[in-house]
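# Remarks on the overall topology
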Amino acid sequence: QKEVEQNSGPLSVPEGAIASLNCTYSDRGSQSFFWYRQYSGKSPELIMSIYSNGDKEDGRFTAQLNKASQYVSLLIRDSQPSDSATYLCAVNGGPGGFKTIFGAGTRLFVKA
Amino acid sequence: GAGVSQSPSNKVTEKGKDVELRCDPISGHTALYWYRQSLGQGLEFLIYFQGNSAPDKSGLPSDRFSAERTGGSVSTLTIQRTQQEDSAVYLCASSFDRQNEKLFFGSGTQLSVL
């Protein structure tokens, strides 16, 4: 079992729709969870972080965490073509919680 | 510096040669990470440093790979006797040495082994 699993996609949604991205992780001791966005040919950049169960909203983005189910998700409301990218789920684990492990990423296409 | 700096940005080498990749983290960041990303794939964890120490080297693919960090700043990733399967983008990231800190990535080194 991979440490962090994501559906590779691609996920295609029309402009203005809600995009839903999902991630599961194996280390029950993980404490911090991140979503990074990576445009083609570019480096990843952080868009959301979440540390406690529930929802966290930031503009059009909402991260959801359920530690009991070892599940993290990212919702993108009012999706725009500029949101088309690969979304990487990342989880901190290991001694001290400094080891950041990434999922393989989900490719999102937003159709105009 | 203003951001994480990696050099070279591109490296083409012949199979069997050794290569050194360099990472200069953001000033004040004491945690430093190396990842490898093959075309169309996710980020493969290689190693991370807290200061000059590497608590977890489990991601290094083989004993041909090594990394060091000196002075709590610049890090070098060395690949000996390169193979074609080593071709990938090597990404470096840094963060403050605290839990729950986000990573800041460099632009990567595109390594091509012919």
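Our subject is the structure that appears above.
Quick caveat: nothing in here was measured; it's all calculated off a predicted structure.

We now examine the side chain of Arg64 of chain B. All names here are of chain B. Within the secondary structure, Arg64 is located in the loop between β6 (53–56) and β7 (65–69). Of the residues examined, Arg64 reaches a relative accessible area of 12% and is grouped as buried. A polar contact of 3.2 Å, which involves the side chain of Arg64, links it to the backbone oxygen of Arg81. Once you skip the residues sitting within four places of it in the chain, Arg64 turns out to touch Thr78, Ile79, Gln80, Arg81, Thr82, Gln83 and Asp86.

Moving on, we get to the pattern of salt bridges. Under the criterion given, the structure shown has six salt bridges over all chains. With a shortest N-O distance of 3.4 Å, Arg77 of chain A and Glu57 of chain A are connected by a salt bridge. Remark: Glu57 of chain A occurs in strand β6 (residues 54–58) and Arg77 of chain A occurs in the loop between β8 (71–76) and β9 (85–93); sequence separation between them is 20 residues. The class for Arg77 of chain A is partly exposed, based on a relative accessible area of 26%. The partner of Asp56 of chain B in a salt bridge is Lys99 of chain A, with the nearest N and O atoms 3.0 Å apart. In this pair, Asp56 of chain B is assigned in strand β6 and Lys99 of chain A in strand β10 (residues 99–102), connecting two distinct chains.

For the rest of this paragraph, the subject is the pairing of β6 of chain A. Taken residue by residue, a regular strand's side chains alternate between the two faces of the sheet. Residue and element names in this part refer to chain A. Pairing of β6 with strand β7 (residues 61–66) involves five bridges; the strand directions are antiparallel. Paired with Asp55 across the bridge in β7 is Gln64. Where β6 hands over to β7, the hairpin turn is made up of two residues, of which Gly59 adopts a positive phi near 65°.

What follows deals with the sheet that holds β7 of chain B. Residue and element names in this part refer to chain B. Across the sheet, four strands lie side by side as β1-β3-β8-β7; this open sheet has antiparallel pairing. Looking along the sheet, the strands with just one partner apiece sit at the ends: β1 (5–7) and β7. Neighbour to neighbour, the strand axes of the sheet diverge by 15° on average, direction disregarded. Taken together, the five bridges between β7 and strand β8 (residues 75–79) define a ladder with antiparallel strand orientation. Along β8, the bridge assignment pairs Arg69 with Ser75.

Inspection of the secondary structure assignment puts Gln38 of chain A in strand β4 (residues 32–38). One polar contact links the side chain of Gln38 of chain A to the main-chain carbonyl oxygen of Lys42 of chain A, over a distance of 2.9 Å.

Next up on the list: the packing of aromatic side chains. Inspection of every chain in the model, using the stated rule, returns twelve aromatic pairs over all chains. On the basis of an interplanar angle of 45° and a centroid distance of 6.1 Å, the ring pair of Tyr35 of chain B and Phe105 of chain B is categorised as tilted. In this pair, Tyr35 of chain B is assigned in strand β4 (residues 31–37) and Phe105 of chain B in strand β10 (residues 104–105), connecting sequence segments 70 residues apart. Residue Phe105 of chain B is classed as buried on the basis of its relative accessible area of 12%. The rings of Phe34, Tyr36, Tyr51 and Phe102 of chain A together with Tyr33, Tyr35, Phe45, Tyr48 and Phe105 of chain B are connected pair by pair, giving a single aromatic cluster. Note that Arg60 of chain A overlies the ring of Phe61 of chain A, its terminal NZ or CZ placed 5.5 Å from the centroid.

Right, let's get into the layout of surface pockets. The calculated volume of the largest pocket comes to roughly 690 Å³. Every residue lining the largest pocket is counted, 31 residues in all, and those nearest its centre are Gln38, Ser40 and Gly41 of chain A together with Gln37 and Gly40 of chain B. Of all the secondary-structure elements, those providing two or more residues to the lining of the largest pocket are β9 and β11 (106–111) of chain A together with β9 (88–95) and β11 (109–113) of chain B. When the residues that make up the lining of the largest pocket are grouped by side-chain class, the tally is nine nonpolar, 20 polar and two charged. Here the second largest pocket is characterised by a volume of approximately 370 Å³.

Each partner contributes to the interface: chain A provides 21 residues, whereas chain B provides 23 residues. Here chain A meets chain B over a buried area of about 1600 Å², counting both sides, of which 55% is carbon and sulfur. At the junction of chain A and chain B, the tally comes to one salt bridge. Inspection of the chain A/chain B interface yields six residue pairs in polar contact (both at pLDDT 80 or more). Among the residues making up the side of chain A that touches chain B, the classes are represented as eleven nonpolar, nine polar and one charged.

Rules used in this analysis
- Residues numbered from 1 in each chain as written.
- Chains lettered and ligands numbered in written order.
- Predicted model: local features only at pLDDT ≥ 70, side-chain atom pairs only at ≥ 80, totals over all residues.
- Heavy atoms only, no water.
- Helix = DSSP H or I, 4+ residues; strand = E, 2+ residues; numbered from the N terminus.
- Buried < 20%, exposed > 50% of the residue type's maximum accessible area, 1.4 Å probe, protein only.
- Polar contact = N/O pair within 3.5 Å; in protein donor to acceptor, adjacent residues only side chain to side chain.
- Contact = heavy atoms within 4.5 Å.
- Salt bridge = Lys/Arg side-chain N within 4 Å of Asp/Glu carboxyl O.
- Pairing = 2+ DSSP bridges.
- Axes fitted to C-alpha atoms, helices over the stretch in contact; angles between N-to-C directions.
- Phe/Tyr/Trp six-rings, centres within 6.5 Å; stacked < 30°, edge-to-face > 60°.
- Lys NZ or Arg CZ within 6 Å of the ring centre and 35° of its normal.
- 1 Å grid on protein atoms, 1.4 Å probe; cavity = no way out; pocket = protein on both sides within 12 Å on 5 of 7 lines; lining within 4 Å.
- Points joined across faces, edges and corners; volume = space filled by probe spheres on them.
- Nonpolar A, V, L, I, M, F, W, Y, C, P; charged D, E, K, R; others polar.
- Buried area = accessible area lost by both parts, 1.4 Å probe.

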